[in-house]
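Remarks on the overall topology
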Amino acid sequence: MTDKMGIACLEELKKAIETGQPKYTERLVLQALEESIRPSRILNEALIPAIHSVGDYYRSDETDIPQILLSARCMRIGLDLLEPQLERWGRHYQGKIILGTVEGDLHDIGKNLVAVMMRSVGFKVLDLGVDVLPEQFIDALQSNPEVNIVCISCLLTPSIVELRTTVQAIRQVKSLSHIKIMVGGGAISEAIAQKMGAVYTGSAIEAADRAKELAREMGEKA
């Protein structure tokens, strides 16, 4: 297959994700693999640019939550198909993160978007779901000693109390003193996060970029 055809296939895949077409996304990813386009190229030239574009559209009010969710679903489909191939090609993983929505909060849209973005930049993700107790975060961190970053979502203002309790509970465990805690969601601001001693990000894309920075910093200190 010529490089021109490969570029056309990847561009079509990018558009399929941006416009939220899950079945077409699956077909195009499989087609690209069958046509011997490297998995890393599919990821870096189609999937990641697409989700970045969707994030830009959302920030500029050019799209809405249902469209974002469709694009995220497309992204998950693409990543599920690509990850086995990426591992076979020796993809370098950034590390593993744990994420979940704080106790008392059942919202998962933001959390799910963060999970998609984390996977897209090379993190393995352990998703604890919603309404997660502090003890569940701690147990998961202790059971996965390779994890250095935990991401906690909080959309509801009343849940800030539980978020603060969760952050404090993690900080009180000596064996987890090295853990970087990232927080985000509609109820959180930079000021609130700073008071808790946590890292704040305002979007899924920012969360993924910041997690990469933290992973790099911790790797340099190791």
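Definitions and limits used
- Residues numbered from 1 in each chain as written.
- Predicted model: local features only at pLDDT ≥ 70, side-chain atom pairs only at ≥ 80, totals over all residues.
- Heavy atoms only, no water.
- Axes fitted to C-alpha atoms, helices over the stretch in contact; angles between N-to-C directions.
- Helix = DSSP H or I, 4+ residues; strand = E, 2+ residues; numbered from the N terminus.
- Left-handed = near helix turned anticlockwise from the far one by under 90°.
- Contact = heavy atoms within 4.5 Å.
- Nonpolar A, V, L, I, M, F, W, Y, C, P; charged D, E, K, R; others polar.
- Salt bridge = Lys/Arg side-chain N within 4 Å of Asp/Glu carboxyl O.
- Buried < 20%, exposed > 50% of the residue type's maximum accessible area, 1.4 Å probe, protein only.
- pLDDT = per-residue confidence, 0-100.
- Pairing = 2+ DSSP bridges.
- Right-handed = clockwise from strand over helix to strand, strands pointing away.

Following both chains from N to C, one finds helix H6 (residues 134-143) and helix H7 (residues 160-171) inclined at 35°, their axes separated by 9 Å at the closest point. When you trace H6 past H7, the crossing you get is right-handed. Each of Pro 134, Phe 137, Ile 138 and Leu 141 in H6 lies in contact with H7, whose residues at this interface are Thr 165, Thr 166, Ala 169 and Ile 170. Classifying every residue of the contact of H6 with H7 by side-chain character gives 6 nonpolar, 2 polar and no charged.

This paragraph deals with the packing of helix H4 (residues 65-88) against helix H5 (residues 109-120). Running from N to C, H4 and H5 cross one another at 35°; their axes reach a closest spacing of 10 Å. In the crossing of H4 with H5, the sense of the turn from one axis to the other is left-handed. Residues Ile 65, Ile 68, Leu 69, Ala 72, Met 75, Arg 76, Leu 79, Asp 80 and Glu 83 of H4 form the contact with H5, whose own contacting residues are Ile 109, Leu 113, Val 116, Arg 119 and Ser 120. Taken together, the residues that form the contact of H4 with H5 break down as 9 nonpolar, 1 polar and 4 charged.

This part takes up the pattern of salt bridges. In this structure the tally under the stated criterion is 8 salt bridges. Between Lys 14 and Glu 18 there is a salt bridge, with its nearest N and O atoms 2.6 Å apart. Taken as a pair, Lys 14 and Glu 18 lie in helix H1 (residues 3-18) at a separation of 4 residues, close to a single helical turn. Like Lys 14, the residue Glu 18 is buried in the burial classification. A salt bridge links Arg 210 to Glu 213, with the shortest nitrogen-to-oxygen separation between them at 2.9 Å. Here the residue Arg 210 and the residue Glu 213 both occupy positions in helix H9 (residues 204-221), the gap between them amounting to 3 residues, near one helical turn. Owing to a relative accessible area of 25%, Arg 210 belongs among the partly exposed residues under this scheme.

What follows concerns the confidence of the model for the chain. Per-residue confidence for the chain gives a mean pLDDT of 90, with 93% of residues at or over 70. When pLDDT is averaged over each helix and strand of the chain, the minimum, 85, is found for helix H3 (residues 39-59) and the maximum, 98, for H6.

Our focus in this paragraph is the sheet that holds strand S1 (residues 95-101). Read across the sheet, 5 strands follow the order S2-S1-S3-S4-S5 without closing on themselves; strand pairing throughout is parallel. On the outer flanks of this sheet lie strand S2 (123-127) and strand S5 (199-200), each paired with one strand and no other. In this sheet, strand S3 (residues 149-153) lies alongside S1 in parallel orientation, the contact comprising 5 bridges. Residue pairing for S3: Leu 99 is matched across the bridge by Cys 151. Those strands touched by H5 are S1, S2, S3 and strand S4 (180-184), and its axis lies near 155° from that of S2.

As a further point, take unusual backbone geometry. Even without glycine at this site, Ser 36 takes up a positive phi of about 65°. Judged by relative accessible area, which is 66%, Ser 36 ranks as exposed.

Among the structural elements, Glu 11 can be located in helix H1. The spacing of Glu 11 and Glu 45 is 34 residues in sequence and 8.0 Å in space, taken between C-alpha atoms.

When you tally the buried positions in S1, you get 5 out of 7 residues, the bulk of the element. By the bridge criterion, 5 bridges tie S1 to S2 in an arrangement that is parallel. The residue bridging Lys 96 from the neighbouring strand is Lys 124, located in S2. Each parallel crossover has a hand, and for S1 linked through H5 to S2 it is right-handed.

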